[in-house]
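Letter by letter, the chains look like this.
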Amino acid sequence: MNKIKKVVIPVAGKGTRFLPITKTISKTLLPIIDIPVIQYLLEEASNAGIKDALIIIGYNQNDVINYFNTESTYVKNLTKDYEEIKYIKKLKQQIRVSYVFQEEAKGLGDAIKHAKAFADDDDFAVILGDDFVFSNGLKTYGIGSLCKYYAKKPNYYLGVKEVLLSETSKYGIVKPEKEITNNFKINDIIEKPQDNPPSNMACVGRYILKNSIFHYLDEIKPGYGGELQLTDAIALALQKEDVYATCFDGVRYDVGSKIGYVEATISVARQREDLKEELSKFLEKLN
Ligand code: G1P
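Residues numbered from 1 in each chain as written. Predicted model: local features only at pLDDT ≥ 70, side-chain atom pairs only at ≥ 80, totals over all residues. Heavy atoms only, no water.

Brief notes about the site of the ligand
So, point 1. Near the ligand the following residues occur: Leu128, Asp131, Tyr171, Gly172, Glu191, Lys192, Cys203, Gly205, Tyr207, Gln229 and Thr231.
So, point 2. The separation between an oxygen atom of the ligand and a polar side-chain atom of Glu191 is 2.6 Å.
So, point 3. Cys203 is positioned with one of its backbone polar atoms (N or O) 2.7 Å from an oxygen atom of the ligand.
So, point 4. Calculation on the ligand without its partners gives an accessible area of 380 Å², and the protein chains cover 77% of this total.
So, point 5. Structurally, the ligand is housed in the largest pocket.
So, point 6. With three residues, the single largest contributor to the shell around the ligand is strand E11 (residues 201-209).
So, point 7. Looking at the shell around the ligand residue by residue, the classes come out as four nonpolar, four polar and three charged. (Near = heavy atom within 4 Å. Polar contact = N/O pair within 3.5 Å; in protein donor to acceptor, adjacent residues only side chain to side chain. Areas by Shrake-Rupley, 256 points an atom, 1.4 Å probe, with all protein chains shown as cover. 1 Å grid on protein atoms, 1.4 Å probe; cavity = no way out; pocket = protein on both sides within 12 Å on 5 of 7 lines; lining within 4 Å. Sits in = over half its atoms within 2 Å of the grid points. Helix = DSSP H or I, 4+ residues; strand = E, 2+ residues; numbered from the N terminus. Nonpolar A, V, L, I, M, F, W, Y, C, P; charged D, E, K, R; others polar.)

Side note on the layout of surface pockets
So, point 1. Its volume calculated, the largest pocket comes out at about 1,200 Å³.
So, point 2. Of all elements in the fold, only helix H5 (108-113), E11, helix H9 (230-237) and strand E13 (251-254) reach the threshold of two or more residues within the lining of the largest pocket.
So, point 3. Broken down by element, the residue count for the lining of the largest pocket peaks at four residues, all from E11.
So, point 4. Split by residue class, the lining of the largest pocket holds 17 nonpolar, twelve polar and twelve charged.
So, point 5. The volume enclosed by the second largest pocket comes to roughly 460 Å³.
So, point 6. Every residue lining the second largest pocket is counted, 17 residues in all, and those nearest its centre are Gln39, Tyr67, Glu84, Ile85 and Ile88.
So, point 7. Sorting the residues of the lining of the second largest pocket by element identifies strand E3 (35-36), helix H1 (37-47), helix H2 (62-68), helix H3 (73-76) and helix H4 (83-94) as the ones contributing at least two each. (Points joined across faces, edges and corners; volume = space filled by probe spheres on them.)

Observations regarding a nonpolar patch on the surface
So, point 1. A surface patch of nonpolar side chains, about 260 Å² in accessible area, is lined by Ile259, Val262 and Ile266.
So, point 2. Along the chain, Ile266 turns up in helix H10 (residues 258-271). (Patch = residues over 30% accessible without salt bridge, like charges linked within 9 Å, V, L, I, M, F, W, Y side chains within 5 Å. Salt bridge = Lys/Arg side-chain N within 4 Å of Asp/Glu carboxyl O.)

Overview of the packing of H1 against H4
Each packed pair of helices is defined by two parameters, the angle between the axes and the distance between the axes.
So, point 1. The geometry of H1 relative to H4 is characterised by a closest axis approach of 10 Å and an angle of 45° between their N-to-C directions. As the angle between them shows, H1 and H4 are arranged oblique. You can see that H1 and H4 cross each other, and the crossing is left-handed. Two secondary-structure elements touch here, H1 through Gln39, Leu42, Glu43 and Ser46 and H4 through Tyr87, Ile88, Leu91 and Gln94.
So, point 2. Taken together, the residues of the contact of H1 with H4 sort by class into four nonpolar, three polar and one charged. (Axes fitted to C-alpha atoms, helices over the stretch in contact; angles between N-to-C directions. Parallel < 35°, antiparallel > 145°, perpendicular 65-115°, else oblique. Left-handed = near helix turned anticlockwise from the far one by under 90°. Contact = heavy atoms within 4.5 Å.)

A closer look at the side chain of Arg206
So, point 1. With respect to the helices, strands and loops of the structure, Arg206 is situated in strand E11.
So, point 2. Here the side chain of Arg206 touches Asp131 through a polar contact of 2.8 Å, landing on its backbone oxygen.

Examining the nonpolar core
So, point 1. If you look at the biggest cluster of nonpolar residues, it comprises 49 residues, and the most contacted ones within it are Val7, Ile50, Ile143 and Ile208.
So, point 2. The dominant element in this core, judged by the number of residues it contributes, is H1, at six residues.
So, point 3. Non-local contacts of Ile208, meaning those with residues more than four positions away in its chain, are made with Ile4, Phe124, Ala125, Ile143, Leu146, Cys147, Tyr150, Asn155, Tyr156 and Tyr157.
So, point 4. Judged by nonpolar contacts, the second largest core, of 36 residues, contains Ala115, Leu228, Ile234 and Val243. (Core = buried A, V, L, I, M, F, W, Y, C linked by side-chain atoms within 4.5 Å. Buried < 20%, exposed > 50% of the residue type's maximum accessible area, 1.4 Å probe, protein only.)

Describing the environment of Asp52
So, point 1. You can see Asp52 is positioned in strand E4 (residues 52-57).
So, point 2. Overall, the relative accessible area of 16% leaves Asp52 in the buried class.
So, point 3. For the pair formed by Asp52 and Leu41, sequence separation is eleven residues and the distance between their alpha carbons is 13 Å.
So, point 4. With sequence-adjacent residues up to four places away left out, Asp52 is seen in contact with Lys5, Lys6, Val7, Ile95, Arg96 and Phe118.

Below you can see the structure in the form of structure tokens.
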């Protein structure tokens, strides 16, 4: 069986849509109630059986490293063994976390190039932090769904969801070769098409990339927004290799937007045993 063992999680970037809080706290550490987004992303990867994570951070993001440091003075000074800290320790045993710095935010394509040494000769997964996938009790969700397809046939797989036509200009949009199914072959992909989108199936932050992506990343020039776009490298890949778009399980929230962040928070709270009863009473009162 073909197994994806590595995941790359790029979180560099200034997070200006979430100013002022992102002035001192990395966007990926913003909590869905009390658990930062990045911890959910690692949990998703670990659930998919992935053993190694590379987090790509900017120079101002030591807070991400500090978050996962379970040997810190803060932890040492705690007078009891909190479950929440034990959980982070356990997660780190299941999935090893390492970091690399991206000097400048020059685009997702540039970020992924920083993962070359980490990937070595392997194919790997990518999870983007602006897209939060809520398991809602499912065992396989998000990147796990893509890994299942890869296990059967090692190809490129891009996680997609249907979006409103009016929203296609915000995403990498795929062009299906034939009909759209749960896992369909594509023959083009365009980054943020401003008009004539090839479909309304958008890439939403989950990818399985073959190692050949590094070759294509070296070939591309700055694209949309003057940045090196992963989408452009994938567009080169699909001229020579099979690239599939995969509708994955789990509910996806755009936590890069304020409304998406609020929606994700409420959805998670409604499922949490410690909160759901009181929250539903509160929501009823609001109506
Ligand atoms: C990135 C990708 C885009 C993808 C999106 C998903 O764009 O370039 O293809 O659809 O993530 O969230 P960004 O939102 O970082 O501009």
